[in-house]
Amino acid sequence: MSEERFNHLESQISVLQQDMTAMKQNVDALREDMASIRQRVDSSEGTILVAVREGFNFLRNYLDDLNYEVADNARATRLLRRRVARLERKDEN
């Protein structure tokens, strides 16, 4: 093998080693980015879960209040019907 050919191969091996070092660094950076993305996703899932839970609790409380108001209105309606019935009977007499 000629000296020139040998130097060319050495140069290519050196470039290949540099490329492999750069690739390893890129892979390490990618792993760090993936870990960061995973943490963001976990955090976002937690935030969404809290928002959904709070929204559900708000709606449940709102429905409880509405049910109470409906029941209260039903009671008031029954009382008014009885009063009207008494007044009509009184009026008939």
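Everything discussed here concerns the structure shown above.
Attention here is on the structure that accompanies the text. (Residues numbered from 1 in each chain as written. Predicted model: local features only at pLDDT ≥ 70, side-chain atom pairs only at ≥ 80, totals over all residues. Heavy atoms only, no water.)

### Observations concerning the pattern of salt bridges
- For the structure on display, the rule yields three salt bridges.
- In this structure, D28 and K24 form a salt bridge, with 3.4 Å as the shortest nitrogen-oxygen distance. Of this pair, D28 and K24 both sit in helix α1 (residues 3-92), separated by four residues, roughly a single helical turn.
- What makes K24 exposed here is its relative accessible area of 52%.
- Where D72 meets R75, a salt bridge forms, and the shortest distance between an N and an O atom there is 3.1 Å. Of this pair, D72 and R75 are both found in helix α1, three residues apart, which corresponds to roughly one turn of the helix.
- Among the residues examined, D72 registers a relative accessible area of 34% and is labelled partly exposed. (Salt bridge = Lys/Arg side-chain N within 4 Å of Asp/Glu carboxyl O. Helix = DSSP H or I, 4+ residues; strand = E, 2+ residues; numbered from the N terminus. Buried < 20%, exposed > 50% of the residue type's maximum accessible area, 1.4 Å probe, protein only.)

### A closer look at a nonpolar patch on the surface
- A cluster of nonpolar residues, F58, L59, Y62, L63 and L66, forms a patch on the protein surface that exposes about 510 Å² of accessible area.
- Mapped onto the elements of the fold, L63 is located in helix α1. (Patch = residues over 30% accessible without salt bridge, like charges linked within 9 Å, V, L, I, M, F, W, Y side chains within 5 Å. Areas by Shrake-Rupley, 256 points an atom, 1.4 Å probe, with all protein chains shown as cover.)

### Some remarks on the packing of aromatic side chains
- Taken as a whole and judged by the stated rule, the model has one aromatic pair.
- A ring pair is formed by F58 and Y62, whose centres lie 6.3 Å apart and whose planes are at 15°; its orientation type is stacked. Of the two residues, F58 and Y62 both sit in helix α1, four residues apart, roughly one turn of that helix. (Phe/Tyr/Trp six-rings, centres within 6.5 Å; stacked < 30°, edge-to-face > 60°.)

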